[in-house]
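Okay, here's what each chain looks like letter by letter:
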Amino acid sequence: MPFSSRPRSLARLAALLLTAAPASLYSARAAPAVDFAQQIKPLLARRCFACHGPTVSEGGLRLDRPDAALAELDSGLHAIVPGDTAASELVARVSATDDSLRMPPEGKPLAPEEVALFRRWIAAGAPWQKHWAFIPPAPQQPPAVRDQSWPQNPIDAFILAKLEEAGLSPARRADRRTLARRAYFNLTGLPPTPQQLEKFLADQSPDAWPRLIDELLASPHYGEHWARHWLDLVRYAETNSFERDGAKPFAWKYRDYVIRAFNDDKPYDQFVREQLAGDELEPPADDAVIATGYYRLGIWDDEPADPLQARYDAWDDLVSTTSQTFLGLTIGCARCHDHKIDPISQADYYSFLAFFADVTPYADVHERDPARYSLWDMSSPDQRRRRAELNEKIDAVRQELRAMEDAGIARMSPAEQEIAQTPDRAALLNDKLQSYLNVSEWQLYEDAKRRLEAANGELRDLPAPEAALALARCEPRPEPTHIMLRGNPHVPGEVVPPRFPALFGDAPPEIPQPPADARSAGRRRMLAQWIASPQNMLAARVIVNRVWQHHFGRGIVRSPNNFGELGVPPTHPELLDWLALWLIEHQWRLKPLHRLIMTASAYQMSSATDQRALAADPTNDLFWRFDIRRLSAEETRDALIVASGQFNPQMFGPSIYPKLSAEVLATQSRPGDGWGESSEPDQARRSVYIFVKRSLLTPLLTAFDFPDVDAPCEARFVTTQPGQALAMLNGQFANDSARRLAERVAQEAGPDPRAQVARALELALLRPPAEEEISEGLQLLSTIQQKHNRDQQEALRCWCLTLQNLNEFLYLD
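No experiment lies behind these values; they were computed from the predicted model shown.

Trainee: Can you help me understand the overall build of the protein chain in this one?
Mentor: Looking only at helices and strands, the protein chain has 36 helices and six strands in total. For 813 residues, the compact-globule estimate of 2.2 N^0.38 gives 28 Å, and the protein chain sits close to it at 31 Å. Considered along the principal axes of its C-alpha atoms, the protein chain spans approximately 95 × 90 × 50 Å. When contacts within the protein chain are restricted to residue pairs at least 6 apart in sequence, long-range pairs at least 24 apart make up 70% of them. Summing over all exposed atoms, the protein chain offers an accessible surface of approximately 35800 Å²; the carbon and sulfur share of this is 54%. When the 90 positive and 110 negative side-chain charges of the protein chain are each reduced to one mean point, those points stand 2 Å apart.

Trainee: Explanation requested: helix 16 (residues 346-354) in the structure shown.
Mentor: A turn of α-helix holds 3.6 residues, and therefore any two residues three or four places apart point the same way. Buried residues dominate helix 16, accounting for eight of its nine residues. Every buried residue of helix 16 is listed here: Gln 346, Asp 348, Tyr 349, Tyr 350, Ser 351, Phe 352, Leu 353 and Ala 354. Tucked into the core, helix 16 has its buried residues touching helix 15 (307-327), strand 3 (481-484), strand 4 (492-496) and helix 22 (523-531).

Trainee: Sorry, what's going on with unusual backbone geometry here?
Mentor: Generally, phi is negative for residues other than glycine and the peptide bonds are trans, each holding for most cases. Along the chain, Met 103 connects to Pro 104 via a cis peptide bond; the corresponding omega equals -5°. Looking at the secondary structure, you find Pro 104 in the loop between helix 5 (89-94) and helix 6 (112-123). Even without glycine at this site, Asp 813 takes up a positive phi of about 70°. Looking at where Asp 813 falls in the secondary structure, it is placed in the segment after strand 6 (811-812).

Trainee: Would you explain the confidence of the model for the protein chain in this entry?
Mentor: In low-pLDDT segments, the atomic positions of the prediction should not be examined closely. Of all residues in the protein chain, 96% attain a pLDDT of 70 or more, and the chain-wide mean is 92. Under a pLDDT of 50 for its full length, residues 1-30 has, in the predicted model, 51 contacts with residues more than four places off or in other chains.

Trainee: Can you help me understand the pattern of salt bridges in this one?
Mentor: If the charged atoms of two oppositely charged side chains come close together, the side chains can form a pair. Applying the stated rule across the entire model yields 67 salt bridges. Ionic pairing is found between Arg 335 and Asp 316, a salt bridge with its closest N-O pair at 3.8 Å. With Arg 335 in the loop between helix 15 and helix 16 and Asp 316 in helix 15, this residue pair connects regions lying 19 residues apart in the sequence. Comparing Arg 335 with Asp 316, the two get one shared label, buried. A salt bridge links Lys 449 to Glu 446; the nearest nitrogen and oxygen atoms lie 3.5 Å apart. With Lys 449 and Glu 446 both in helix 21 (residues 439-461), this residue pair falls three residues apart, about one helical turn. Given the relative accessible area of 24%, Glu 446 is considered partly exposed. Linked by salt bridges that have partners in common, Asp 279, Glu 280, Asp 358, Arg 519 and Arg 524 make up one network.

Trainee: Sorry if this is basic, but what is going on with the packing of helix 34 (residues 771-787) against helix 35 (residues 792-804) here?
Mentor: Describing two packed helices takes the angle between their axes plus the distance from one axis to the other. Their axes nearest at 9 Å, the elements helix 34 and helix 35 cross at an angle of 135°. With respect to each other, helix 34 and helix 35 are oriented oblique. For the element pair helix 34 and helix 35, the recorded crossing hand is right-handed. Packed against helix 34, whose contacting residues are Glu 773, Gly 777, Leu 780, Leu 781, Ile 784 and Gln 785, the element helix 35 presents Gln 792, Ala 795, Leu 796, Cys 798, Trp 799 and Thr 802 at the interface. For the contact of helix 34 with helix 35, a count of residues per class yields seven nonpolar, four polar and one charged.

Trainee: Can you help me understand the environment of Arg 211 in this one?
Mentor: Inspection of the secondary structure assignment puts Arg 211 in helix 10 (residues 208-218). Given a relative accessible area of 32%, Arg 211 falls into the partly exposed group. Each C-alpha atom of the pair Arg 211 and Arg 595 lies 9.8 Å from the other, and the pair is 384 residues apart in sequence. Among all residues touching Arg 211, those that are not within four sequence positions of it are Asp 203 and Ser 205. For Arg 211, the side chain forms a polar contact with the side chain of Asp 203, separated by 2.3 Å.

Trainee: Teacher, can you tell me more about the packing of helix 11 (residues 220-233) against helix 12 (residues 252-263) here?
Mentor: Where helix 11 contacts helix 12, the two axes come as close as 7 Å, and the packing angle between them is 120°. Taken together, helix 11 and helix 12 sit at an angle that is classed as oblique. With respect to the hand of their crossing, helix 11 and helix 12 are arranged in right-handed fashion. On the side of helix 11, the interface is formed by Pro 220, Tyr 222, Gly 223, Glu 224, Trp 226, Ala 227, Trp 230 and Leu 231, while helix 12 contributes Tyr 254, Arg 255, Val 258, Ile 259, Phe 262 and Asn 263.

Trainee: Is there a simple way to explain the nonpolar core in this structure?
Mentor: In a soluble, globular protein the nonpolar side chains are often hidden away together inside. Membership of the largest hydrophobic core comes to 176 residues, with the highest contact counts inside it found for Ile 155, Trp 230, Tyr 254, Trp 548, Leu 579 and Leu 593. Leaving out residues up to four positions away in the same chain, Trp 230 has contacts with Tyr 254, Val 258, Phe 262, Tyr 268, Phe 271, Gln 275, Thr 325, Phe 326 and Ile 543. Val 34, Phe 36, Val 94 and Ala 126 belong to the second largest nonpolar core, which has 25 residues in total.

Trainee: Sorry if this is basic, but what is going on with helix 34 here?
Mentor: End to end, helix 34 covers 24 Å across 17 residues, agreeing with the expected 24 Å (1.5 Å per residue, within 8%). Where helix 34 is buried, its residues touch helix 33 (753-765) and helix 35. Among the residues trailing helix 34, Asn 789 stands out with phi positive, at a value near 55°.

Trainee: In this structure, what is going on with the state of the cysteines? I would like to understand it.
Mentor: By definition, a disulfide links two cysteine residues through a covalent bond between their sulfur atoms. One pass over the full model with this rule turns up zero disulfides. With no disulfide partner, Cys 336 has as its closest neighbouring cysteine sulfur the one in Cys 333, 10 Å distant. Classification of Cys 336 as partly exposed rests on a relative accessible area of 36%. Sulfur of Cys 798: no disulfide; nearest cysteine sulfur belongs to Cys 800 and is 9.3 Å away.

Rules and cut-offs
Residues numbered from 1 in each chain as written. Predicted model: local features only at pLDDT ≥ 70, side-chain atom pairs only at ≥ 80, totals over all residues. Heavy atoms only, no water. Helix = DSSP H or I, 4+ residues; strand = E, 2+ residues; numbered from the N terminus. Rg over C-alpha atoms; globule rule 2.2 N^0.38 Å. Contact = heavy atoms within 4.5 Å. Areas by Shrake-Rupley, 256 points an atom, 1.4 Å probe, with all protein chains shown as cover. Lys, Arg positive; Asp, Glu negative; His and termini not counted. Charge placed at Lys NZ, Arg CZ, Asp CG, Glu CD. Buried < 20%, exposed > 50% of the residue type's maximum accessible area, 1.4 Å probe, protein only. pLDDT = per-residue confidence, 0-100. Salt bridge = Lys/Arg side-chain N within 4 Å of Asp/Glu carboxyl O. Axes fitted to C-alpha atoms, helices over the stretch in contact; angles between N-to-C directions. Parallel < 35°, antiparallel > 145°, perpendicular 65-115°, else oblique. Left-handed = near helix turned anticlockwise from the far one by under 90°. Nonpolar A, V, L, I, M, F, W, Y, C, P; charged D, E, K, R; others polar. Polar contact = N/O pair within 3.5 Å; in protein donor to acceptor, adjacent residues only side chain to side chain. Core = buried A, V, L, I, M, F, W, Y, C linked by side-chain atoms within 4.5 Å. Expected span 1.5 Å × (residues − 1). Disulfide = S-S within 2.5 Å.

What follows is the structure in C-alpha cells.
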C-alpha cells in the first residue's frame, strides 16, 4: 500500500511506535548521535530508493533529496517530520507488523537496529548532510585512547579508539613466524625460503621487524606482486576478446611498466598522469608512452554490427574504468540517464567522455591492424621520421581512395549502398565499383592504389620497429561531444564541453586550442592533472583504501570502486582521511605507506578468535583481529613453484604459456589458436608473466578466482568450490609440483623416510614438524608402498601432494 493511502489515527500510530522497540533505544546513554551520511543515506539508498528515489516516487514520496523527503505527501501526511517520530509516516511504515502496510513491501523487513536508526535520526531533527565522499578530506587528530601501550603509530589510535568505544580489546600480537610469512606474501606474493625465515627469527634486535619490511619493499618481487593488484583494476589482458580474440602486440610492456613503477616507488600522482596522458607530457619519456597502453587494454570487436555503437562502447569502457579506478565513482551509470543514486548527471557523463574524444579506436575495423593507432614506434629518430612520413602518405592516399569509393557508392542502388555500410563493403567495391566510375575516375583510382602499395612496400622494407602498445595516434581536433539521448549514439542531443563532474564543484578546465602541428587535443592532460591534484577529494582516498585492502583483506571502504552513495560507508572515516592526507604530504609515495601500515600494532595482530568480540562484531568491522585469508590464485601457483625448488625469478619480457591440456585448448572456437609454447624453465616463472588470453584463461588460476578481465575488478571473489580440490589433487600442475618437491626432498634429506617426511613438512609449511605429523607421514608412506604397491619416491610424492593441500599451505594465519 503506498504511503498516500493509509488511514490511521495518531493514537494508534503512537501506540505502535511505543511497542515496536525496547525502551533502551530511547535512553541518552544508548543513543549516540546518528551520522546521516554514514548510516541513514546508505540505508535509504539500499532499501527505499527503488520506489521512492530519483526515478520513481510512489505516493508522492522522494527520499533522495531533503526538500522532497520533508514535503507533504499526496495523502496530506508527512514521511519525515523533523523532531517528531510520532508524526513521521516513515517510522510507522518501516516498523509496521502488518505486511500490507510495512515498508519496504518486498524483501526482508528492516532490522530492529535499522528502524531504531531512523527513529533517532528523526528525533534529532532529521539533519541532512552531504555524502561523506563528496566532502574533501579534513585534517584529523589521532584520538585519545585509554591503553597507551598498544599504539605504535597514529593508525593504532584510530583503530583502538573504536574498539574501546565498543568495549572490545585488540587481539594479541601474532608470533614472529606468522608475521614473517604474512609480510612476505603481502609484499612480494611469495613465501619466504626456510633460510630467509630462520634469518629473521634469529634476529632479536628491536628493529628486526621494520628492517624486514624495508628488505621486502626493496625486493623486485614487491613490484611484481603489487602490479598484479593494479592490473586487476585496469582489466589487463593481452587479447581483444570476441570470436577471434586477436593478440594485442606488446601488451606485456604495459605490465612491465607497472612492475617498474611499483619497484621504483614512482609517486602515485605521476603514475596517474603517465597512464592518462603520458603522450602529452613534455618530453614524453618511453615509460610514459608505454603507460598509455592503458587505453588499449579493453575489449575490441573487429567486426561490429554497428560500428558507431562499438565506438561509443569503447569510450564508455574508458569512462567507467577511469572513474572507478582513479576516483571510486560509477560515472558509467549515467550513460543513458542521470545516475539513479549519485549526483552525476548524463551531461556529467558526456562531459567526462569529452576528455577522451581524441582517443582513436584500437584499430580500423576494415584493416584490423593495430599498427597505425596503437603501436608507438620507439625506434631511432631517423627511422621514426621516415616511418611517420610514409604513414602520412599512406593516410593521404587512403583518403583519396575513400573519397572516390564514396563517389561511386553514391551512384549505386539503395540496396548496394546499404551493403556498403557493412563488413561486406570491400567485396562490393571489388565487384562493382568500376561500373560506377567513369574511365578517368577509374584510372585515378587505380593510380592511387599503386601509390598506396608502393608506400606500404617501402614501409615494410624498413627495419622492424621497436614498438609499444600505446596511444600511438590521436585526433587533435575531435568532433564535438553530444549528449546521446537514452545513450543511443545515433540520436545526438546537446553539445557538451570537457568538464569535471559537477559534484566536485570545480571550475571547468581552460583547454587551449591545439596548435597546427598538434598530435593530440591536450584534454587528457587536464583530466590527469585534475585527478592527481592534492585538491581532488577522492583520488588519494581511493588509493590508500586499496593499499589498506590488500593488507587487511578488505578496505576501510569495502566497495573500493564505489565511494558513492550505494557504496559501503567507511568503517573508520577519520582514519581514511588521515591516511589520504598523509600520502599527499609524503609525495604520494606508496612504499612509506606500506611501512606505516605494517609497523602498526593493528597489522601485527593475530587471527585468534575472541568469542565476545566475535559476537559483538562478527564481520570484524572494527579490526579487533587480523582476518585469515586464502592465498590468491597467483600466490597459490607461485608457492607451489617455490616449494618445489624450481622457481625461476626472471623478470620482464614477453609473456609465458603454461602447458594446457588438449581438452582445455578445445574450448576455443579454433582449438589452440593464439596459445604458444614455453620451455620448462620459463613455465616456472611467476604467474604475473602468464599470457592473459581472454578466451583461454589459465584453469588453475580461474579455479582460485582469477578475475574476469573484461571489466575492472575491485576485489576478487574468494570462493570454496570443488574445482579447487580437483585442481590441487588431480591437476597436472599440482602433481608435477609435488613430484618436483619430492625430488628436492630426496636430494636434501637423503634416503631415510623419517628425514624425508620431516623435510617435506619444513619446506611446505615453513616450520619445524611435530612428532605426530612425522608419524602420520610415515604411516602414509607405508600404506602407499605396501597396500598400493608403489615405490618410495611415489609414496613421497603423494605425501608432498598432501601437504600442498593443507589449509596451512593455502591460507595466511
